[in-house]
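# Notes for the structure review
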Amino acid sequence: MTLHEVARQIGDVEALDQATRPVARAAKKLIPPGRVKDILSGSQFGHPLHPPLTAVPIGTFAAATVLD
């Protein structure tokens, strides 16, 4: 089983949808449509900003740990 298949199976779990709906509603209320939401969703760049904003610090910390 590949990692892609595992991720797809996790995405198909309906119980997780029930748990995330309140969080999604709160996020939509917290960040209304407009400039801030567009920046956070990465619509100007064609992809969300979350992956690079998390991957860069994690990679930097991991590299510093290994190289230190």
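For the structure itself, consult the block above.
The text that follows walks through the structure, step by step, so that each part is easy to find. Keep in mind the model is a prediction, meaning the values are calculated, not measured. Residue positions are given per chain, counting from 1 as you read along its sequence in written order. Owing to the predicted nature of the model, reporting of local features is limited to residues with pLDDT of at least 70; listing and counting of side-chain atom pairs is limited to 80 or more, with chain, interface and lining totals taken over all residues. With hydrogens and water set aside, each side-chain value is computed from the structure's full complement of heavy atoms.

## Some words on the overall build of the protein chain
Applied cut-off: Only DSSP runs of H or I covering at least 4 residues are called helices, and only runs of E covering at least 2 are called strands; the numbering of each starts at the N terminus. Atoms considered for the radius of gyration are the C-alpha atoms alone. The globule rule reads 2.2 Å times the number of residues to the power 0.38. What sets the accessible areas is the Shrake-Rupley method with a 1.4 Å probe; for residues, cover comes only from the shown protein chains. The charged-residue count follows a simple rule in which Lys and Arg add positive charge and Asp and Glu add negative charge, with His and chain termini not counted at all. Charged groups are reduced to one reference atom each: NZ for lysine, CZ for arginine, CG for aspartic acid, CD for glutamic acid.
The number of helices and strands found in the protein chain is 4 helices and 0 strands. Across the protein chain, helices and strands are ordered from the amino to the carboxyl terminus as α-α-α-α. Here the C-alpha atoms of the protein chain give a radius of gyration of 17 Å, more than 25% beyond the 11 Å that 2.2 N^0.38 yields for 68 residues. Each principal axis of the C-alpha distribution contributes one length, and for the protein chain these read about 45 × 40 × 20 Å. Of the roughly 6,100 Å² of accessible surface on the protein chain, a fraction of 68% belongs to carbon and sulfur atoms. Measuring between centres, the 7 positive side-chain charges of the protein chain sit 14 Å from its 6 negative side-chain charges.

## Regarding a nonpolar patch on the surface
To be explicit about the condition: For patch detection, residues must exceed 30% relative accessible area and be free of salt bridges, and they are connected within 9 Å for like charges or within 5 Å for nonpolar side chains (Val, Leu, Ile, Met, Phe, Trp, Tyr). Salt bridge criterion: a side-chain nitrogen from Lys or Arg within 4 Å of a carboxyl oxygen from Asp or Glu.
Side chains of M1, L3, V6, I10, V13 and L16 sit close together on the surface and give an oily, nonpolar patch of about 600 Å² of accessible area. Per element, the largest residue contribution to the nonpolar patch is 3 residues, and it comes from helix α1 (residues 3-11). Topologically, L3 is positioned in helix α1.

## Considering the environment of L53
With respect to the helices and strands, L53 occurs in helix α4 (residues 50-67). When the C-alpha atoms of L53 and V6 are compared, they prove to be 24 Å apart, with 47 residues separating the residues in sequence.

## Quick look at helix α2 (residues 14-30)
The condition is simple: By this rule the span expected of a helix is its residue count minus one, scaled by 1.5 Å. Think of it in three bands: with a 1.4 Å probe and only protein chains considered, a residue is buried below 20% of the maximum accessible area for its type, exposed above 50%, and partly exposed in between.
Taking 1.5 Å of rise per residue, the 17 residues of α2 would be expected to cover 24 Å, and the 25 Å separating its terminal C-alpha atoms lies within 8% of that figure. When you tally the buried positions in α2, you get 0 out of 17 residues, a small fraction of the element.

## Brief notes about the environment of Q18
With respect to the helices, strands and loops of the structure, Q18 is situated in helix α2. C-alpha separation for the pair Q18 and L3, spaced 15 residues apart in sequence, amounts to 24 Å.

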